[in-house]
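# Working through the structure, step by step
Spelled out, the chains give:
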Amino acid sequence: MKTSNPVLARLGQAAERERAAGYAPTGPYGQPGYPQQYPPQAGYPGAPGYPSAPPAVTPMSIDDVVVKTVTLLAILGATAAAAWVLVPDALLGAAWIGAAVVGLVLGLIISFSRMANPALVVAYAVVEGVLVGAISKFFETRYPGIVIQAVVATFGVFFVMTMLYKSRVIRATPRFTKGLVAVMAGLFAVMLINFVLSLFGFNTGLRDGGALAIGFSLVCIVVASLSFVLSFKEVEDGVRMGLPQRYSWVAAFGILVSLIWLYIEILRLLSYFQGDD
């Protein structure tokens, strides 16, 4: 099964190698997806004295991705709450920047790795929990009530995008996928450059609350919302390709990344309209 997602394509290749090595479940006549249903004969797999075969691998399902996504959100939420309580105000900036850098490195490793590593995905959720907790505390201290507004708006957008994708109003066509990936890469480059320039005291206007900052956040919110379409397509393709169950962690990771990005951008946008106390 072909896919336009390069990361998922690599995962599909890994799954093909596993199936070629005999790790996929087989049926009564060698077809995948069914348990053994006939008595093994002497000299054949399953017969006494015959070397044991590799264990069957359960393919991933949409339910697996849902469970993993909820698990990662719970981990992120618990870590964010801990960071909110334990990190003093004077260290919020350091925690924010440190978690962002570590999260970026982990995210790149997970995205371009050929193997699904649940430990790395969980570690990413923990690190991003520190980032989310520090950012949330920073904004909530200045604009009381803004965090709950951003949380509600984030999951509201996620629900709307889920319905739009389920009803096929928006589809992840090859052209849509390539265009959106290109735009996301461009935005990432702009944000990285802006971050580096800000460390040297240079203000580009992208995050100062002005008209340019509002427009930039709106673009980021739209793109982050559309990125859910790629994640949903990734889940569908993964199930259709019969990827092993552990790859549901990778699919859940993609959804988590979009949720975090969307939440932070909504938080920023809301802060622009709060005014100074």
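This one's a predicted model, so the numbers in the text were calculated from it and none came from an experiment. (Residues numbered from 1 in each chain as written. Predicted model: local features only at pLDDT ≥ 70, side-chain atom pairs only at ≥ 80, totals over all residues. Heavy atoms only, no water.)

### Focus: the overall build of the protein
- The helix and strand tally for the protein stands at 8 helices and 0 strands.
- If you list the helices and strands of the protein from N to C, you get α-α-α-α-α-α-α-α.
- Per-residue burial for the protein yields a buried fraction of 40% across its 277 residues. (Helix = DSSP H or I, 4+ residues; strand = E, 2+ residues; numbered from the N terminus. Buried < 20%, exposed > 50% of the residue type's maximum accessible area, 1.4 Å probe, protein only.)

### Re the packing of aromatic side chains
- Applying the stated criterion across every chain, the model contains 8 aromatic pairs.
- For the pair Phe 228 and Phe 232, a centre-to-centre distance of 6.3 Å together with 20° between the ring planes defines the contact as stacked. One end of the pair is Phe 228 and the other is Phe 232, both in helix α7 (residues 211-241) and 4 residues apart, which spans about a single turn.
- Judged by its relative accessible area of 0%, Phe 228 is buried.
- A relative accessible area of 11% means that Phe 232 is categorised as buried.
- An aromatic cluster is present here, built from Phe 158, Tyr 165, Phe 228 and Phe 232 joined pairwise through their rings.
- Lying across the ring of Phe 138, Arg 142 places its NZ or CZ 3.8 Å from the centre.
- Cation over ring: Arg 168 sits above Tyr 165, and NZ or CZ is 5.0 Å from the ring centre. (Phe/Tyr/Trp six-rings, centres within 6.5 Å; stacked < 30°, edge-to-face > 60°. Lys NZ or Arg CZ within 6 Å of the ring centre and 35° of its normal.)

### Things to note about α7
- When the terminal C-alpha atoms of α7 are compared, their 45 Å separation across 31 residues agrees well with the 45 Å that a helix rising 1.5 Å per residue should span.
- One or two steps after α7, the chain reaches Gly 242, where phi turns positive at roughly 70°. (Expected span 1.5 Å × (residues − 1).)

### Side note on the pattern of salt bridges
- Within the structure shown, the criterion is met by 5 salt bridges.
- Measuring nitrogen to oxygen at the nearest pair gives 3.3 Å for the salt bridge that ties Lys 137 to Asp 89. Highlighted residues: Lys 137 in helix α4 (residues 118-142) and Asp 89 in the loop between α2 (62-86) and α3 (92-112), separated in sequence by 48 residues.
- Using a relative accessible area of 12% as the deciding quantity, one classes Lys 137 as buried. (Salt bridge = Lys/Arg side-chain N within 4 Å of Asp/Glu carboxyl O.)

### Re the packing of α4 against helix α8 (residues 248-272)
- α8 packs onto α4 with a crossing angle of 10° between their chain directions and a minimal axis gap of 11 Å. With respect to α8, the element α4 is oriented roughly parallel. Of the residues in α8, those touching α4 at Pro 118, Val 121, Val 122, Tyr 124, Ala 125, Glu 128, Leu 131, Val 132, Ile 135, Ser 136 and Phe 139 are Trp 249, Phe 253, Leu 256, Val 257, Ile 260, Tyr 263, Ile 264, Leu 267, Arg 268 and Ser 271.
- Residue classes in the contact of α4 with α8 are distributed as 17 nonpolar, 2 polar and 2 charged. (Axes fitted to C-alpha atoms, helices over the stretch in contact; angles between N-to-C directions. Parallel < 35°, antiparallel > 145°, perpendicular 65-115°, else oblique. Contact = heavy atoms within 4.5 Å. Nonpolar A, V, L, I, M, F, W, Y, C, P; charged D, E, K, R; others polar.)

### Structural notes on the confidence of the model for the protein
- Of the residues in the protein, 78% have a pLDDT of 70 or more, and the chain-wide mean is 82.
- Here residues 1-6 is modelled with pLDDT under 50, and outside its nearest four sequence neighbours on either side it reaches 9 contacts, counting other chains as well.
- Considering only residues more than four positions removed or in separate chains, one finds that residues 22-38, a stretch of pLDDT under 50, has 26 contacts. (pLDDT = per-residue confidence, 0-100.)

### Brief notes about unusual backbone geometry
- Here Arg 168, not a glycine, exhibits a phi torsion of approximately 65°, which is positive.
- Within the secondary structure, Arg 168 is located in the loop between α5 (146-166) and α6 (174-199).
- The class for Arg 168 is partly exposed, based on a relative accessible area of 36%.

### Quick notes on the packing of α7 against α8
- One can describe the packing of α7 onto α8 by two numbers: an axis separation of 9 Å at closest approach and a directional angle of 165°. It follows from the interaxial angle that α7 and α8 lie roughly antiparallel. By crossing handedness, the relation of α7 to α8 is classed as left-handed.
- Across the contact of α7 with α8, the residue classes break down as 18 nonpolar, 6 polar and 3 charged. (Left-handed = near helix turned anticlockwise from the far one by under 90°.)

### With respect to the side chain of Asp 64
- Tracing the backbone through its elements, the reader meets Asp 64 in helix α2.
- The buried charged residue Asp 64 lacks any salt bridge, with Lys 68 as its nearest oppositely charged partner at 4.6 Å. (Lys, Arg positive; Asp, Glu negative; His and termini not counted.)

### Considerations on α5
- Compared with an ideal rise of 1.5 Å per residue, which puts 21 residues at 30 Å, α5 spans 30 Å between its outermost C-alpha atoms and is within 8% of the ideal.
- Directly after α5, the chain includes Arg 168, whose backbone phi takes a positive value near 65°.

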